[in-house]
Amino acid sequence: MSLTGIIGSTGLAFGQAVHIIEQDYKVDLHLLRKHEVTEEQARLKEGVRHLVQLLQASLQQLNPECENYQLIESDILLLDDQELHAEMLNSIEHQRYSATLAVQRTFDTHAYEIESIQDPMIASRGQDIRHLSSRLIAAINGTLSWNLDYLTQSTIILAHDITPAEFALLPTKYISGIVLETGSITSHTAILASAAGIPALLDCQYQSLNIRNGQPLVIDAIDGILHHMPDDELVEKLRRKQLEEVTRTNALLTITGQETQTLDGHSVSLLANVGNINDVTRAKDIGSLGVGLFRTEFMLMHDSEYPNEQKQYQTFCDALHILNGMPLTIRTLDVGADKPLPFVQAAQEENPALGIRGCRYSLDHPQYLKPQLKAAMRATNHGLVKIMFPMVNQVEEIDLIKSVIEECKQELINNDIGYGNFDFGIMVETPAAVLNLPSMLPELDFISIGTNDLTQYSMAADRSNLSLSKSFPALSPAILKTIDLIVTQAKQYDVSVSLCGELASDPKVVPLLIGLGLSELSVNLNKFLEIKSTICSGDYNQFQELAEKALKQTRIQPLQQLIYART
Ligand code: PEP
Ligand code: MG
C-alpha cells in the first residue's frame, strides 16, 4: 500500500514505523466469530506486554522518590494483575468482545468501583485507570507512542506535527525518516529535517493506511510516496534508487573546493543556514563561504533553561574557530508563534503570528537579548561576526536595538571585558520593512531577505498551512517584485543584500535570484552543492534574461512554468 505526500526533505528512508504523538484509541465494537477468539486473546496479551515494557523503560529514567514513579509502578502492577487478565480473556471468549472492547469494559468497571470508594485519595485513582485503559487500547491498536530514547533500529516516525523544539530532542541517530500529517516546505520542521539530511514527507494522511508500530515503511522523498509494508521486489527497487541518489550526491562533492562562479565568470557568495555547531562543521566541509544565517533559537531548543552569556559565547567562539575567518551571521533569538521555546512561557495572544515575536520579543525581554548580544559582541575577538535581527519593521525598532547595543557595550566596558567590531543588519521579512527601507538602510551594514516570512506576511497566508502555501507561494509575481524592489533599494544605498529564505534553497529558482542581482545567498546545507552546481553550469547573461522575463509575468502558473520547465 502506498500514499503520496509533499516532499519536505529529499531522499529515501527505510525503517520501522513508530507513532510518536498520535495514538489510536478506537474501540472495535464488532462481536467476534468463534475462530477469531484465540487471535484476539493473543492481541490483548501482546498489547499488555508492550505497554508494560514501555512503562518499565520509563521507570528506569525516573527517581524512585518522585510521585510519578509510584504512579507508573501501580500501573504496572495493575497490568500484571492475573484476575484482571482472566476477566478480559473471558469476555473475549464468552462475550465475543474484541480485545479493545474487553479492555474498555473491564477497566471501566474497575475504575467505577474505585471511584465509589469514600476516600478521595483512592477515588482519584479511577482517572488514572481510565487513562491506562486508553493507553492499553492504543497498544493493542499498535499505535502507542514510543519512548524514542529506547530506539535501537532505523525508525520512521509518524506524527500529526512536530515543533522545532520536539525535533531538537529526537535521537537522530535512529531516525531515518519523518512522516507528518501537516506541514509545508517552509515550516521549521521541514527546514530542520532537510538540514539534518532526514527525508521527510509532509501533508501525508497516513492514518488511512492503518500503520502499526514496528511495521516496515519506506519513504521515497524523491517522488513523494510513502510505502507501507512494501514487498521484497519493491524494497530492492527502492534500495537501487537510494544508491543512485547517493551516487549523484557524492558526485557533487567534487565541486566542493571550486569557486562558485557562472560559466561567464560571475561570482556568487554561497553561504549556509545553520542551527547548531555540527551544521557549522558541515558548512565548512562542503565549501561554504561562511554562515549567512545562524538560527540561534534552534540551538537553544535543547535546553530546559536559557543558556547564559558564557555558554552562548563559547558556542559562538567554537563556530568562529571552525569558520576560520569566514563570517558568522548570528541571528538574535527569533521566537514566538511557530517557534516556541521550552523555557519560555508563551504569552496568551489571540494571534501569535502577529504578536510579540522576533525582535519584538527580544526588545521586550532584555534578560534574554542582552546576554546573547554580549556573547556575540565578545566573540568578535575570535572571527568575523555579523549580528542580525529578525522581524524588524521600522526604524524606531532599529533605534531601540541600537540603544540596547550601546548599553551592552557600556556594561562590557564597565566590567573590563573586550569586544571588537561587528556588522549590524536585519532580516527583511515583512512588507512594512520593505517600504521602510529608505529610512532603515542608512542605519545598517547589511540586510537579508527572509522569503519564508516575507511570503507569509505579504500574502497574509500562514507559512505552515500547506493548502495556503500552494495557492500563495513564494515564487509568485508579488514576491518577485518585492525581492526586486529590495535588491534595487539596497544597491542604491550601497548596503549588502543576501537572501536566506528557503526560496534560495531551490536549485531551480537560484538562477532567477542571481539574475535579479543577488550576489549572496544563504542556503539549506542539504541543497548547498546542488545549488553550487546549478550556478557553476549556467551563464549570468541567461540568468539576467530569465529574471527579466520572470518579472514580466503577471500570473503564478506561467511564472512557475518558466522557472521549473528550464532544463
Ligand atoms: C525567513 O523567514 O525566510 C527566514 C529565513 O527565517 P525563519 O525561516 O527562521 O523564520
Ligand atoms: Mg523568518
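The rules behind each value
Residues numbered from 1 in each chain as written. Chains lettered and ligands numbered in written order. Predicted model: local features only at pLDDT ≥ 70, side-chain atom pairs only at ≥ 80, totals over all residues. Heavy atoms only, no water. Donors = N, O, S within 2.8 Å, 3.2 Å for Na, K, Ca; no water. Helix = DSSP H or I, 4+ residues; strand = E, 2+ residues; numbered from the N terminus. Buried < 20%, exposed > 50% of the residue type's maximum accessible area, 1.4 Å probe, protein only. Phe/Tyr/Trp six-rings, centres within 6.5 Å; stacked < 30°, edge-to-face > 60°. Lys NZ or Arg CZ within 6 Å of the ring centre and 35° of its normal. Core = buried A, V, L, I, M, F, W, Y, C linked by side-chain atoms within 4.5 Å. Domains from an automatic or database assignment. Contact = heavy atoms within 4.5 Å. Near = heavy atom within 4 Å. Polar contact = N/O pair within 3.5 Å; in protein donor to acceptor, adjacent residues only side chain to side chain. Areas by Shrake-Rupley, 256 points an atom, 1.4 Å probe, with all protein chains shown as cover. Nonpolar A, V, L, I, M, F, W, Y, C, P; charged D, E, K, R; others polar.

Undergrad: Would you mind showing me how to read the coordination of the magnesium ion (ligand 2) here?
TA: When a metal holds four donors in a tetrahedron, each ideal angle between them is 109.5 degrees; when it holds six in an octahedron, the ideal angles are 90 or 180 degrees. Each protein donor to the magnesium ion (ligand 2) is listed here as E429 (OE) and D453 (OD); together their distances run 2.0 to 2.3 Å. On the criterion of sequence distance, the pair formed by E429 in the loop between β13 (423-428) and α16 (431-435) and D453 in helix α18 (residues 451-459) is long-range, its members being 24 residues apart. Owing to a relative accessible area of 2%, E429 belongs among the buried residues under this scheme. A relative accessible area of 2% places D453 in the buried class.

Undergrad: Can you help me understand the packing of aromatic side chains in this one?
TA: Given two aromatic rings, their pairing is described by the distance between the two centres and the angle made by the two planes. Counted under the stated rule, the structure contains four aromatic pairs. The interplanar angle of 50° and the centroid separation of 4.6 Å between the aromatic rings of Y306 and Y368 together place this pair among those described as tilted. Placement of Y306 in the loop between α11 (296-300) and α12 (309-323) and of Y368 in helix α14 (residues 366-379) is noted, with a sequence separation of 62 residues between them. Judged by centre distance (6.2 Å) and plane angle (10°), the ring pair of Y361 and Y368 falls under stacked. In this structure Y361 comes out as buried when scored by relative accessible area, which is 9%. Y368 sits in the buried class, given a relative accessible area of 14%. Among the aromatic residues, those joined into a cluster by ring pairs are Y306, Y361 and Y368. Note that R239 overlies the ring of F14, its terminal NZ or CZ placed 3.8 Å from the centroid. One Lys or Arg, R378, reaches over the ring of Y313 and ends 4.0 Å from the middle of that ring.

Undergrad: Is there a simple way to explain the nonpolar core in this structure?
TA: A general trend in soluble globular proteins is that nonpolar side chains are found buried together. I178, F389, I447, I483, L512, L513 and L521 are the most contacted members of the largest nonpolar core, which totals 117 residues. When residues of this core are sorted by domain, at least three fall in each of domain 1 (2-20 + 148-251) and domain 3 (262-564). Those residues in contact with I178 that sit more than four places away from it in its chain are I157, I162, F167, L170, A193, I198, P199, A200, L201 and I219. Judged by nonpolar contacts, the second largest core, of 33 residues, contains V48, L51, M88 and A99.

Undergrad: Honestly, the site of ligand 1 in this entry has me stumped. Any pointers?
TA: In the region of ligand 1, 15 residues are neighbours, and R295, R331, G450, N452 and R463 sit closest. At a separation of 3.0 Å, an oxygen atom of ligand 1 approaches a polar side-chain atom of E429. The contact in question runs from an oxygen atom of ligand 1 to an N or O atom on the side chain of R463, over 2.7 Å. Relative to its unbound accessible area of 290 Å², ligand 1 is 100% covered by the protein chains. Every element with two or more residues in the shell around ligand 1 is listed here: β10 (291-295) and α18. Broken down by element, the shell around ligand 1 gets its largest block of residues, three residues, from α18. For the shell around ligand 1, a count of residues per class yields three nonpolar, five polar and seven charged.

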